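# Observations on chain architecture
Residue-level listing of the chains:
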Amino acid sequence: MPVQLKSFRLLALMAVAALSLSLSACSSTPDDMGDVSAQSTMGAEDMGGPLYGTEVGADSTMGVAPGTQADLVANVGDRVFYGYDRYDLTNEARNTLDLQAQWLMKYPNVNVTIEGHCDERGTREYNLALGERRAAAVKSYLVARGIDPNRLTTISYGKERPAVPGADEASWAQNRRGVTKVD
Amino acid sequence: MKSEKLCAVQFFALFLLFLCGVIAGANPVRAELKVDVTRGVVEPMPIAISPFHVAPGGDTEIAAGIPQIVTANLERSGLFAPMNPASFIQDPASIDQSGPRFAEWRAINTQALVTGTVTRTADGKTRVEFRLWDVFSQQQMIGMAYMTTPQNWRRIAHIISDEIYKRITGESGYFDSRIVFISEEGPPAARIKRLAIMDQDGANARFLTDGRNLVLTPRFSPNEQQITYLSYHNNRPRVYLYNIDTGRQEVLGDFPGMTFAPRFSPDGNRVIMSMAQNGNSDVYAMDLRSRQVRQLTNSVGIDTAPCYSPDGRQIAFESDRGGTQQIYVMNADGSNPQRITFGEGRYGNPVWSPRGDLIAFTKMLKGQFYIGVIRPDGSGERLITKAYHVEGPSWSPNGRVLVYFKERPTGAGGAQRSAKLYTIDLTGYNERELKTPKDGSDPAWSPLNP
């Protein structure tokens, strides 16, 4: 499942890259960009999740407002994943966070909240603490990449807000996550 | 809230009139009748609980309702086998008039008999009189009367249940108590959770919060007037106090990070909890009067789920300082932490028995969850129930029964969750579902009602 997810993300990134190329080809001023994003804001709000980028690719008239959650999801990746009872960052997670750091540099007025989440195979209190650790791991990585800590808030949801409802390892792997959300 | 005020009034309106043996001058003797609760499997004791006699002006609903609740309580304990009332030969009026005809009760093979009378006093109160009889020695074991407002009759039934339980098992009862828990509904990703409270038998369930904020892990204060819990109010997860009488909610302290896993000290003067900062969770105690905070652990690991011993001198908590989640016991000032769990797997949720002799816990091993007990010195680990997911034990006031919750996937593809409360005898027998209006989790048993 994580492999599948990875290829989805790759596809999404490629699609987004193609889209931004086409956008920059036909729009020469920031104003035009604003127009494009204004048209598509509603679509961006309604969707979300890691698959959003592919949707954009399928319809080249859509785009996302720069510096928004939809932009982060589509062009950077809003989440990283952890192993069972782990909070250390994988290479894949570091790559995502490097992109997040660049993105945050690009939009210095954007503040974010980092949510730490766990799978359901732990006790309530422990998972609250573990979720806090995961969120803190993301935060300290971004700070090390030069982001002002005052722009980053952390919150742990423990096992209270799973991303997917399944009761199997593939689902739990998606629920053990750190999610960056634009305030 | 109206029902809360009523509750307080009811408490005051409850009067104990007579103590053991005062009624009718019967001398209670130390009868042979006894249930041994220390053994694992007991043969439940046959007991006949007669409908109560209705004296002129007495409430027939109460006269019928009290024996039903006493029957349900005693049956649920697993220690008693209440007889079918259809087999009773002597009617309540004749018992009231001339006492039990023991030969008729022996004929149905009951060992104990409960009888009672409901009357109404001149000032509109309800008077409930009950007696417990040893059918074979033909002796009265208890005779008591209670006066109360008519709305409070369920509580009388629980007090009577406790008296019977205590007289026959030799241990204090637990029926006149309540359970606070989290009421759950909705899909896993958007679960709505509310603080809820009910009597220990599931009656009088009501919500204390409206579900707008995620709430978790409620625990009673020793006097039952307050609940401490975790709320995500304003997306700031913090420990709160809820006053049951007034409905007032108050954030506890001003901490820079998430506070969670709260519990009262046995004297009610402190709340012990975890605070997380920069990813590290430690245990803190707050004095409720001075509001001064003291940090009790300082490890780089997760230190959480603290719980005082009933004498207040020690604290059990869980920590992964040794690599995996395990249970430790330290002095109340934070000194001398000692790991007490060394079995395979992970251990969490330590909860000290009100008797002091055992600590209940949740254990995770090879994809299964267990509820178990262990002595505070780490000896005598015993697992008493196992499932896909069981968690969060809490002790009955007499330390005899544990309440906890059980979760399982339901629906197509396991995309929904069921969460239910269960009770189980300390010995691992007599597991029963405790019905709640919606799904339930994080139960905490109150002390006996004041």
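### Quick look at the overall build of chain A
A count of helical and extended segments in chain A gives 7 helices and 4 strands. If you list the helices and strands of chain A from N to C, you get α-α-α-α-β-α-β-α-β-α-β. When the 183 residues of chain A are sorted by exposure, 51% land in the buried category. Looking at chain A alone, contacts between residues at least 24 apart form 71% of all its contacts between residues at least 6 apart. Approximately 8,300 Å² of chain A is accessible, and the part contributed by carbon and sulfur atoms is 57%.

### Remarks on the domain arrangement of chain B
Residues and elements named next belong to chain B. Taken domain by domain, chain B consists of domain 1 (2-34 + 45-168) and domain 2 (178-445). Between domain 1 and domain 2, the contact holds 14 residues from the first and 21 residues from the second. The tally of links between domain 1 and domain 2 comes to 2 salt bridges. With a shortest N-O distance of 3.1 Å, arginine 432 and glutamate 75 are connected by a salt bridge. At the boundary of domain 1 with domain 2, the tally comes to 7 residue pairs in polar contact (both at pLDDT 80 or more). Where the side of domain 1 that touches domain 2 is concerned, the elements lending two or more residues are helix H1 (2-13), helix H2 (60-76) and helix H5 (153-169). Ranked by residue count, the leading element in the side of domain 1 that touches domain 2 is H1, at 5 residues. Looking at side-chain class alone, the side of domain 1 that touches domain 2 contains 5 nonpolar, 5 polar and 4 charged residues.

### A look at empty space enclosed by the protein
Residue and element names in this part refer to chain B. Across all of its chains, the model carries 7 cavities of 30 Å³ or more by this definition. A volume near 230 Å³ is recorded for the largest cavity. Of the residues in the lining of the largest cavity, the class split is 6 nonpolar, 2 polar and 10 charged. When its volume is computed, the second largest cavity comes out at roughly 110 Å³. Lining the second largest cavity are 13 residues, with Arg76, Ser77, Tyr174, Val401 and Thr423 positioned closest to its centre. Contributing elements (two or more residues each) for the lining of the second largest cavity: H2 and strand E29 (416-425). The dominant element in the lining of the second largest cavity, judged by the number of residues it contributes, is E29, at 3 residues. For the lining of the second largest cavity, the residue count by class is 6 nonpolar, 5 polar and 2 charged.

### Some points on H2(B)
Residue and element names in this part refer to chain B. Compared with an ideal rise of 1.5 Å per residue, which puts 17 residues at 24 Å, H2 spans 25 Å between its outermost C-alpha atoms and is within 8% of the ideal. Inspection of H2 places Ile62, Ala63, Gly65, Ile66, Pro67, Ile69, Val70, Asn73 and Leu74 among the buried residues, and these make up the whole buried set. Of the surrounding elements, those touching the buried residues of H2 are strand E2 (45-49), strand E3 (53-54), strand E4 (80-82), strand E5 (112-120), strand E6 (126-134) and H5. The backbone nitrogen of glutamate 61 lies 2.8 Å from a side-chain oxygen of the residue at the head of H2, namely aspartate 59. Residue glycine 78 follows H2 closely and has a positive phi angle near 80°.

Conventions adopted
- Numbers given to residues run from 1 along each chain, matching the order in which its sequence is written.
- Key to labels: chains lettered from A, ligands numbered from 1, both in the order written.
- Local features are withheld for residues below a pLDDT of 70 in this predicted model, meaning they are given only at 70 or higher, and side-chain atom pairs are given and counted only at 80 or more; totals for whole chains, interfaces and linings count all residues.
- Side-chain metrics rest on all non-hydrogen atoms present in the structure, leaving aside hydrogens and water.
- For the purposes of this entry, the term helix denotes a DSSP run of H or I that reaches at least four residues, the term strand denotes a run of E that reaches at least two, and both are numbered from the N terminus.
- With a 1.4 Å probe rolled over the protein chains alone, any residue whose accessible area is under 20% of its type maximum counts as buried; one over 50% counts as exposed, and the rest are partly exposed.
- Whether two residues are in contact is decided by their heavy atoms: any pair within 4.5 Å suffices.
- Each accessible area is a Shrake-Rupley result for a 1.4 Å probe, and residues are judged covered by the shown protein chains and nothing else.
- A domain assignment, automatic or from a database, supplies the domain bounds used here.
- Just to be clear on terms, a salt bridge is a Lys or Arg side-chain nitrogen sitting within 4 Å of an Asp or Glu carboxyl oxygen.
- Two N or O atoms count as a polar contact when they lie within 3.5 Å, although within protein this holds only if one can serve as hydrogen donor and the other as acceptor, and sequence-adjacent residues are included solely when both atoms are side-chain atoms.
- Under the grouping applied here, Gly and all other residues not named as nonpolar or charged are polar, the nonpolar ones being Ala, Val, Leu, Ile, Met, Phe, Trp, Tyr, Cys and Pro and the charged ones Asp, Glu, Lys and Arg.
- Only protein atoms enter the 1 Å grid, on which a cavity is a set of points fitting a 1.4 Å probe that cannot get out and a pocket is an open set with protein on both sides within 12 Å along at least 5 of 7 lines, lining residues being those with an atom within 4 Å of a point.
- Grid points are joined across faces, edges and corners, and a volume is the space filled by probe spheres set on the points.
- A helix is expected to span 1.5 Å for every residue after the first.

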